[in-house]
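# Fold and contact review
One letter stands for each residue in the lines below.
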Amino acid sequence: MKRRSFYAVGFGLLVLFDTLTLISIKLTSNAMGEFSTHSAWLMAAFHTPWFYAALAGYLGSFVIWMTLLKHAPVGAAFAASHFAIVPILIVSAMIFGEHLTGAQISGSICIVLGIVFLSLGESASSTANAISANARSFQITWVNSEADIPPELWDRLFPEPFEGRWWYQALEQCGISDQFTFFYALISDPSGPVALMPAFLMDVPIRLVLPPFLIPIVNLIGRIVPSVLYQRTFFVGSPCSDEGRVGVVEHANRQEVLNYVNSAVQHKADLLKVPMRVWKDFPQSYATELSSVPGNMFPMISYPGTLVSLPNANREAYLTSLKSRYRHGLKKKLKNSTAICLEADILQRPNGPIMDEIFELFWKTYEKGKTKFEKLNRRFFDLMASHHQSYFVVLRDRNTNKIVAFMLCFHMGKHAINKFIGIDYSQPKEWFLYYRLWDAAVQFVASLGGESIQSGQTGYTAKLKLGHKLVPLYNYVSHKNPIVHWIYSIVARNISWDTLNEDLALYLQAHPDEKVSCSA
């Protein structure tokens, strides 16, 4: 049983047995009548079942209390043990008709708030203790720029096919500090650096993660309390990388490193007064470890990634690998659009006027999209274009020489990342621009020996028809306020691919076996 469930069940049973004990004593007293020095009065207790219920309650409370004290912090446990007074007052009013005064109700509220504050105090203390306990083997250095991390460490811990230093450099330098504040954590042990973790701070629009039926309710509340619409969050990961990653050296124990990192992240978030922490878009390869780290995190399904294989780095082999109906559909679209005067080209480091065309197409496509986590600018694209990994696959109208579609691909050895696209939606649908663009990208990646293409977390319908597989990704979430944490964890259980995206909902109706759950 997970620690959170253990505490919830344990303290719930403790409150139940304490309530049973006191109510049973009251009922036993009623059955015995007025106090008397005669033995008959005392013997009357043995003839009422409530006497034995009280004994059972005492025994149950003792066993549960001893068990909890082995694991729970003493301060929080002692405070929680007094929570029984709240249900006792309620049951007394229901069974015995006792009147609840305003003072009693106020006192009960104070008890509940006291338990919450004590728990928060214990949580902060346990975080500091966890960091202190690990300090013998690990220490952490926080920096605010990728430039403060040695380049050789970037190359070692974020090698291809992962976005490396060049990616974080562009994010830092493009001028989006109004959206994100970037951090980097360098973790070391006596042998030297063992891990590198990128992170960022953001005010997240809450609509991005809520099930659709909750969004109108939250928007209504947001008109009165605007802060409800955003949640200040400390993220582990990158704003627009397809997968989260903490780079760890080969000889280190990754579980121990992640345990330490999570404690350090919690401490950093506390210092920044940020209530919510999220490990963003981590793949299943981290599931066992992140589910085991101390810190009371719950998993939440994220938008899945998409990945397609190019067998033998060959276009024809790729087409053969598609399901027949998808292969025929793609070939038909390509054939019907061959009469259109379109020309594919591959560009590196395009000049200013061409970048103007490319960014204009990107912006139109961005505005058309429904999911908007980050808002990238022209400066970002200029910085991306300067790196040798970046290739722009473009389609031109031969009659006008105008670019009508582009795809920005990063070449990472035998892997390519299809990161951003832009399409001129004013052109006729019969041009099938997306499919022509995709075919050009497949041919290009295959020509470089690429055997797979990663295509991001949007536009699922077209990608699934092009042979992409869905890659499950998970967020691991924790909120400082235990009540908010509990509410969010309930909401997370109702989030699925179906609720996140309409395209995925339609696809999963036809392929229910591909659904995933939060049991990452």
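Now for a quick tour of the structure. The structure presented is a predicted model; accordingly, all values stated were derived computationally and were not measured. (Residues numbered from 1 in each chain as written. Predicted model: local features only at pLDDT ≥ 70, side-chain atom pairs only at ≥ 80, totals over all residues. Heavy atoms only, no water.)

### Regarding the packing of helix 14 (residues 352-368) against helix 15 (residues 378-385)
Running from N to C, helix 14 and helix 15 point in directions that differ by 125°, and their axes come no closer than 10 Å. Considering their axes alone, helix 14 and helix 15 lie oblique with respect to each other. Seen along the crossing, helix 14 lies across helix 15 with a hand that is right-handed. Here Gly352, Met355, Asp356, Phe359 and Phe362 of helix 14 come into contact with helix 15, specifically with Arg378, Phe381, Asp382 and Ala385. For the contact of helix 14 with helix 15, a count of residues per class yields five nonpolar, one polar and three charged. (Axes fitted to C-alpha atoms, helices over the stretch in contact; angles between N-to-C directions. Helix = DSSP H or I, 4+ residues; strand = E, 2+ residues; numbered from the N terminus. Parallel < 35°, antiparallel > 145°, perpendicular 65-115°, else oblique. Left-handed = near helix turned anticlockwise from the far one by under 90°. Contact = heavy atoms within 4.5 Å. Nonpolar A, V, L, I, M, F, W, Y, C, P; charged D, E, K, R; others polar.)

### With respect to helix 18 (residues 482-493)
Between its terminal C-alpha atoms helix 18 stretches 17 Å, which fits the 16 Å expected from twelve residues at 1.5 Å a residue. Within the sequence span of helix 18, burial applies to His485, Ser489, Val491 and Ala492. For helix 18, the angular spread of the buried residues around the axis is 160°, confining them to a single face. Where helix 18 begins, the capping side chain belongs to Asn481, and its oxygen is found 2.8 Å from the backbone nitrogen of Ile483. (Expected span 1.5 Å × (residues − 1). Buried < 20%, exposed > 50% of the residue type's maximum accessible area, 1.4 Å probe, protein only. Arc of directions from axis to C-beta. Polar contact = N/O pair within 3.5 Å; in protein donor to acceptor, adjacent residues only side chain to side chain.)

### Describing the nonpolar core
One finds Trp167, Trp279, Phe380, Phe381, Phe392 and Phe406 to be the most contacted residues of the largest nonpolar core, which totals 96 residues. At nine residues, the largest contribution of residues to this core is made by strand 3 (residues 192-205). Two domains each donate at least three residues to this core, and these are domain 2 (140-304 + 472-514) and domain 3 (306-471). Filtering out sequence-adjacent residues up to four positions away, Phe392 remains in contact with Asp345, Ile346, Leu347, Pro350, Met355, Ile358, Phe381, Ala385, Phe406, Met407 and Leu408. (Core = buried A, V, L, I, M, F, W, Y, C linked by side-chain atoms within 4.5 Å. Domains from an automatic or database assignment.)

### With respect to the environment of Pro193
You can see Pro193 is positioned in strand 3. Each C-alpha atom of the pair Pro193 and Val249 lies 8.1 Å from the other, and the pair is 56 residues apart in sequence. Residues within four places of Pro193 in sequence aside, it is in contact with Leu153, Leu186, Ile187, Ser188 and Val249.

### Observations concerning the pattern of salt bridges
Inspection of every chain in the model, using the stated rule, returns 14 salt bridges. Across the pair Arg315 and Glu316 runs a salt bridge, and its minimum N-O distance is 2.8 Å. We classify Glu316 as partly exposed; its relative accessible area is 45%. One salt bridge in this structure joins Lys364 and Glu360, with 3.6 Å as the shortest N-O distance. With Lys364 and Glu360 both in helix 14, this residue pair falls four residues apart, about one helical turn. Exposure remark for Glu360: the relative accessible area of 44% places this residue in the partly exposed category. (Salt bridge = Lys/Arg side-chain N within 4 Å of Asp/Glu carboxyl O.)

### A few points about the sheet that holds strand 8 (residues 305-309)
The strand order 9-10-11-12-13-8-14 describes an open sheet built from seven strands, whose pairing is mixed. Every interior strand has two partners, whereas the edge strands, strand 9 (342-347) and strand 14 (469-471), have only one. Averaged over all neighbouring strand pairs, the angle between strand axes comes to 30°, with direction disregarded. As defined by bridge partners, strand 8 adjoins strand 13 (residues 452-454) across three bridges and the pair is classed as antiparallel. Residue pairing in the sheet places Leu307 in a bridge with Gln454 of strand 13. Against the sheet, helix 14 contacts strand 9, strand 10 (390-397), strand 11 (402-412) and strand 12 (415-423), and its axis sits at roughly 90° relative to strand 11. (Pairing = 2+ DSSP bridges.)

### Here we look at a nonpolar patch on the surface
A grouping of Met43, Phe46, Tyr52 and Leu55 is seen on the molecular surface, where their side chains present a nonpolar patch of about 400 Å² in accessible area. If you trace the backbone, Tyr52 turns up in helix 3 (residues 49-69). For Tyr52, a relative accessible area of 43% translates into the label partly exposed. (Patch = residues over 30% accessible without salt bridge, like charges linked within 9 Å, V, L, I, M, F, W, Y side chains within 5 Å. Areas by Shrake-Rupley, 256 points an atom, 1.4 Å probe, with all protein chains shown as cover.)

### Topic: the packing of helix 8 (residues 165-173) against helix 15
Two elements in contact, helix 8 and helix 15, have axes separated by 9 Å at closest approach and are oriented at 150°. Overall, the two elements helix 8 and helix 15 adopt an arrangement that is roughly antiparallel. Judged by the sense of rotation from one axis to the other, the crossing of helix 8 with helix 15 is right-handed. For the pair formed by helix 8 and helix 15, the contact residues are Trp166, Trp167, Ala170, Leu171 and Gln173 on the first element and Arg379, Phe380, Leu383 and Met384 on the second. Its residues assigned to classes, the contact of helix 8 with helix 15 comprises seven nonpolar, one polar and one charged.

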